[in-house]
Amino acid sequence: MKFGVVVFPGSNCDRDMQDALQNDLNQEVIMLWHKDKDLSMFTKDDCIVLPGGFSYGDYLRCGAISRFSPMMQSVIEFANKGGKVLGVCNGFQVLCESHLLPGVLLRNANQQFICKNVHLIGVGADRPLKIPIAHGEGRYYADDATLDKLEANNQVIYRYCNEQGEITPQANCNGAARNIAGICNEARNVFGMMPHPERATSEALGNTDGRIILQSLIMGVNAVVTEKAALVNF
Amino acid sequence: MTYTVQVKVMPLKELLDPQGKAVMGGLQNLGLGNIQDVRVGKNITLQVEANTPDQAKAIAEEASKKLLANPVMEYFELSIS
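Residues numbered from 1 in each chain as written. Chains lettered and ligands numbered in written order. Predicted model: local features only at pLDDT ≥ 70, side-chain atom pairs only at ≥ 80, totals over all residues. Heavy atoms only, no water.

In this section: the sheet that holds strand 6 (residues 114-122) of chain A. Residue and element names in this part refer to chain A. If you walk across this open sheet you meet the 9 strands as 2-1-3-4-11-10-9-6-7, and the pairing is mixed. Each edge of the open sheet is held by one strand with a lone partner, namely strand 2 (28-33) and strand 7 (129-135). On average, each strand axis in the sheet is inclined to that of its neighbour by 25°, with strand direction left out of account. Contacts from helix 3 (residues 90-97) reach strand 3 (47-50), strand 4 (84-88), strand 10 (180-184) and strand 11 (190-193), with the element oriented near 120° to strand 4. (Pairing = 2+ DSSP bridges. Helix = DSSP H or I, 4+ residues; strand = E, 2+ residues; numbered from the N terminus. Axes fitted to C-alpha atoms, helices over the stretch in contact; angles between N-to-C directions. Contact = heavy atoms within 4.5 Å.)

The following block contains the structure:
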């Protein structure tokens, strides 16, 4: 399995993602420039990653302009053919703007850029995972019909929870609808999440919970949705 | 002929607008307590080459639908001069 990490003007987590995948998870990584279009070296079993950052300066809306970059045209095509795509933070925003995932990321409810460790429950997690977030616009929003559909199809892959794994309003750091931190599409090949698993894959950084996410989400290791995350009702 | 089209993009009425809330707090600190609510959007000015005002408006509408506004979170209004 190979990974392609797209570099937009303004991406700033692209090298973190490369380092996490290459050095901590021993995966082959190819960096992809936003002006290129060629994804012919990737097959359906590979994964394209849209990293965090402020692509195109977050102008207009986060992710809105990236959607029209040459590389994104190829990524959309790749995703529609069943290729795996992961968007983290700004990458999640790009996926929503590209209509590969439903909904949108709004400005945080508390009006602040939040940079801290939070806890998540979801895919591959048999306990709350400690993962850093760093965003100003991370409040997931979609209308109730869309949210109901996401839950019915089990497409909510991560929710914000407290240290004990309880999904509470207090644990909902940015005010996201139904504590949603990450979702996938109906076909389960496109994943988006606001928290940064790539910032938590190295023992040197004192936290390797991000490995569990990258491994279970993308590499198919223990890819189970825990009952707690799947069955929660609001 | 070149028409000027103003696109007003606003957050949907049912959505919380944290930016508006922050501005509102500032206005209240100024002592302008009569202001009951603030919502912040953006105004985008387009210079559109078209034969008729209607055509210019149609082009601006397409631009707004495809890029300038995201209907999941925003609505837009056009005015032409």
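That shown, we press on.
A few words on the sheet that holds strand 2 (residues 42-49) of chain B. All names here are of chain B. Strand order in the open sheet formed by 3 strands is 2-1-3, with antiparallel pairing between adjacent strands. This sheet does not close on itself; its edge strands, each paired only once, are strand 2 and strand 3 (74-80). When the angles between neighbouring strand axes are averaged without regard to direction, this sheet yields 25°. Sheet topology note: the strand 1 (residues 2-11)/strand 3 ladder contains 7 bridges and is antiparallel. Looking at strand 3, one finds that Met-10 is bridged to Tyr-75.

Across the contact, 15 residues belong to chain A and 16 residues belong to chain B. Summed over both partners, the interface of chain A with chain B buries about 1300 Å², with 64% contributed by carbon and sulfur atoms. Across the contact surface, chain A and chain B share 1 salt bridge. Between Arg61(A) and Glu74(B) there is a salt bridge, and its shortest N-O distance comes to 3.6 Å. Here chain A is connected to chain B by 6 residue pairs in polar contact (both at pLDDT 80 or more). Broken down by secondary-structure element, the contributors of at least two residues to the side of chain A that touches chain B are strand 5 (104-106) and strand 8 (139-141) of chain A. The residue inventory of the side of chain A that touches chain B, partitioned by class, reads 7 nonpolar, 3 polar and 5 charged. (Buried area = accessible area lost by both parts, 1.4 Å probe. Salt bridge = Lys/Arg side-chain N within 4 Å of Asp/Glu carboxyl O. Polar contact = N/O pair within 3.5 Å; in protein donor to acceptor, adjacent residues only side chain to side chain. Nonpolar A, V, L, I, M, F, W, Y, C, P; charged D, E, K, R; others polar.)

Attention shifts here to the environment of Ser40(A). All names here are of chain A. Summarising the element assignment, Ser-40 is placed in the loop between strand 2 and strand 3. Residues Ser-40 and Asn-90, spaced 50 residues apart in sequence, show a C-alpha to C-alpha distance of 25 Å. For Ser-40, the side chain forms a polar contact with the side chain of Asp-38, separated by 2.7 Å.

Moving on: the pattern of salt bridges. Residue and element names in this part refer to chain A. Here the structure, examined in full by the defined rule, presents 16 salt bridges over all chains. A salt bridge links Glu-77 to Lys-81; its shortest N-O distance comes to 3.5 Å. When its relative accessible area of 46% is taken as the criterion, Glu-77 is described as partly exposed. The exposure class of Lys-81 is exposed, given its relative accessible area of 59%. (Buried < 20%, exposed > 50% of the residue type's maximum accessible area, 1.4 Å probe, protein only.)

Residue and element names in this part refer to chain B. Tracing the chain through its elements places Ser-64 in helix 2 (residues 53-68). Ser-64 sits in the buried class, given a relative accessible area of 0%. Discounting residues that sit within four places of it in the chain, Ser-64 has contacts with Val-7, Ala-69, Phe-76 and Leu-78.

Time to look at the confidence of the model for chain B. Residues and elements named next belong to chain B. In the predicted model, chain B carries a mean pLDDT of 95, and the fraction of residues at 70 or more is 100%. For chain B, the element scoring lowest by mean pLDDT is helix 1 (residues 18-29), at 93; strand 2 scores highest, at 98. The complex prediction reports pTM at 0.90, with the ipTM value standing at 0.82. (pLDDT = per-residue confidence, 0-100.)

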